[in-house]
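Take a look at the letters that make up each chain.
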Amino acid sequence: MPELTITIGARDFTVACQAGEEKYLEAAAAMLDAEARVLAEQAGRMPEARMLLMAGLMLADKTAAVEDKLREAEAKLAELGQELEALRNAPAPAPERIEVPMIPPSVAEGMAELAARAESVADAVEAKARAGAA
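All of the points below concern the structure found in this document. The shown structure was predicted, so the numbers you read here are calculated from the model rather than taken from an experiment.

1. With respect to unusual backbone geometry
Then step 1. For A10, which is not glycine, the phi dihedral falls at a positive 65 degrees.
Then step 2. Of note, A10 is situated in the loop between β1 (3-8) and β2 (11-16).

Written as structure tokens, this is what we have:
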């Protein structure tokens, strides 16, 4: 079982851990040391047991806050999952009917002009036919 020397609040401690868990112990010790240093800066030198207790409580407070946020995030994720499932199970919306003119306006205008010219030509032919018959 490996033994590590960790420093917390400027004090060294020798701690044993399971093989392969050294990096986790070092990370945890670094977090505890950071809290102990904050205490030392704020309160000065204090007994080792009190310093470790206070630093542990500060970490526990941070952990509790993170756990609360995690629970909120999990609840929101579950809510969004239910909403997604409801949307997946909902029937497809009815298709929207959109009417689009088949003949573009410019073509319709051109056809109206041609129709007017054809009527004009027809009127002229009828007039000539009446004049020739008379």
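Once you've had a look at it, read on.
2. Brief notes about helix α2 (residues 48-89)
In an α-helix, one turn spans 3.6 residues; hence positions three or four apart end up facing the same way.
Then step 1. Between its first and last C-alpha, α2 extends 60 Å over 42 residues, near the 62 Å set by a 1.5 Å rise per residue.
Then step 2. Burial in α2 covers these residues: M51, A55 and L59.
Then step 3. Structurally, α2 contributes buried residues whose contacts are with β1, β2 and α1 (22-43).

3. Thoughts on the side chain of D33
Then step 1. On the secondary structure map, D33 appears in helix α1.
Then step 2. Judged by relative accessible area, D33 falls into the buried class, the value being 11%.
Then step 3. In this view, D33 contacts T7, I8, G9 and A10; residues no more than four positions away in its chain are not counted.

4. Observations regarding the packing of α1 against α2
Then step 1. Running from N to C, α1 and α2 cross one another at 115 degrees; their axes reach a closest spacing of 9 Å. When the interaxial angle is binned, α1 and α2 end up roughly perpendicular. Along this stretch, α1 crosses α2, giving a crossing that reads as right-handed. Note on element contacts: α2 touches α1 through M51, L52, M54, A55, G56, M58, L59 and K62, opposite M31, L32, E35, A36, V38 and L39.
Then step 2. The residue inventory of the contact of α1 with α2, partitioned by class, reads eleven nonpolar, one polar and two charged.

Criteria and thresholds
Residues numbered from 1 in each chain as written. Predicted model: local features only at pLDDT ≥ 70, side-chain atom pairs only at ≥ 80, totals over all residues. Heavy atoms only, no water. Helix = DSSP H or I, 4+ residues; strand = E, 2+ residues; numbered from the N terminus. Expected span 1.5 Å × (residues − 1). Buried < 20%, exposed > 50% of the residue type's maximum accessible area, 1.4 Å probe, protein only. Contact = heavy atoms within 4.5 Å. Axes fitted to C-alpha atoms, helices over the stretch in contact; angles between N-to-C directions. Parallel < 35°, antiparallel > 145°, perpendicular 65-115°, else oblique. Left-handed = near helix turned anticlockwise from the far one by under 90°. Nonpolar A, V, L, I, M, F, W, Y, C, P; charged D, E, K, R; others polar.

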